[in-house]
Amino acid sequence: MSQQNGFGSGFLLGTLIGGVVGGILGAVITSRLDSTANLEEDNGLNTGENNGKTTDRSRKMRASANENLEIEATRRSLEDKIAQLNATIDDVRRQLGNVNSINISNE
């Protein structure tokens, strides 16, 4: 019975300690990664290139250009689909107009 009573408090204590240790460890790792990334970025900006590798700025510019091409292709595709829908709507209106005119003449 004493084990069941201690389980809840032990679980909560373990959760709190684990959360604190995990938070501290995550903060330390993140700060080290950020400082390493900042050093690499500073070196890349000073030299203009990063040992023959493309810099972040040029990589972002290429990604931006690719995104613009994809957006343009998507826009054209949507315009084509809208044109198809408009044509279909016009056909249905004509068909309904023919049906309505036949019904009116029969009455």
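For the structure itself, consult the block above.
Just so it is clear, the structure is predicted and the values come from calculations on it, not from any experiment.

K.L.:
How should the overall build of the protein chain be read in this particular structure?
P.N.:
Helix and strand content of the protein chain: 2 helices and 0 strands. Counting across all 107 residues of the protein chain, residues that qualify as buried make up 1%. With an accessible surface of roughly 9,700 Å², the protein chain has 58% of that area assigned to carbon and sulfur atoms.

K.L.:
Teacher, can you tell me more about the packing of aromatic side chains here?
P.N.:
Where two aromatic rings form a pair, the distance of their centres and the angle of their planes describe that pair. Tallied over the full model, the rule gives 1 aromatic pair. Seen in terms of ring centroids, Phe7 and Phe11 are 6.1 Å apart; in terms of plane orientation they differ by 25°. Their pairing is stacked. One end of the pair is Phe7 and the other is Phe11, both in helix 1 (residues 2–47) and 4 residues apart, which spans about a single turn. Considered together, Phe7 and Phe11 belong to a single accessibility category, that of exposed residues.

K.L.:
What am I meant to see in the pattern of salt bridges here?
P.N.:
Pairing between side chains becomes possible if they bear opposite charge and their charged atoms approach one another. Taken as a whole and assessed by the stated rule, the structure comprises 4 salt bridges. For Arg75, the salt bridge is made with Glu72, and the minimal N-O distance between the two is 2.3 Å. Residue Arg75 and its partner Glu72 are both found in helix 2 (residues 56–106); the two are separated by 3 residues, about one turn of the helix. Classification of Arg75 by relative accessible area gives partly exposed; the value is 37%. The salt bridge involving Asp91 is made with Arg94; its shortest N-O contact spans 2.8 Å. Here Arg94 and Asp91 lie together in helix 2, a separation of 3 residues that amounts to about one turn. If you follow the salt bridges from partner to partner, you end up with Glu72, Arg75, Arg76 and Glu79 in one network.

Conventions and cut-offs
- Along each chain, residues carry numbers from 1 onward, in the same order as the chain's sequence is written.
- The model is predicted, so local features are restricted to residues of pLDDT at least 70 and side-chain atom pairs to those at 80 or more, both for listing and for counting; the totals for chains, interfaces and linings are taken over all residues.
- As a rule here, side-chain values come from all non-hydrogen atoms in the structure, and water together with hydrogens is ignored.
- Runs of E in the DSSP output that reach at least two residues are strands. Runs of H or I that reach at least four are helices, and both are numbered from the N terminus.
- A simple rule labels every residue: compare its accessible area, found with a 1.4 Å probe on the protein chains alone, to the largest value its type can have, and call it buried under 20%, exposed over 50%, or partly exposed in between.
- Here the accessible surface of atoms and residues is derived via Shrake-Rupley with a 1.4 Å probe, and residues count as covered only by protein chains that are part of the display.
- Pairing of aromatic rings covers Phe, Tyr and Trp, the last counted by its six-membered ring, and requires centre-to-centre distances within 6.5 Å; plane angles under 30 degrees mean stacked, over 60 mean edge-to-face, and any other angle means tilted.
- Criterion for a salt bridge: a side-chain nitrogen of Lys or Arg within 4 Å of a carboxyl oxygen of Asp or Glu.

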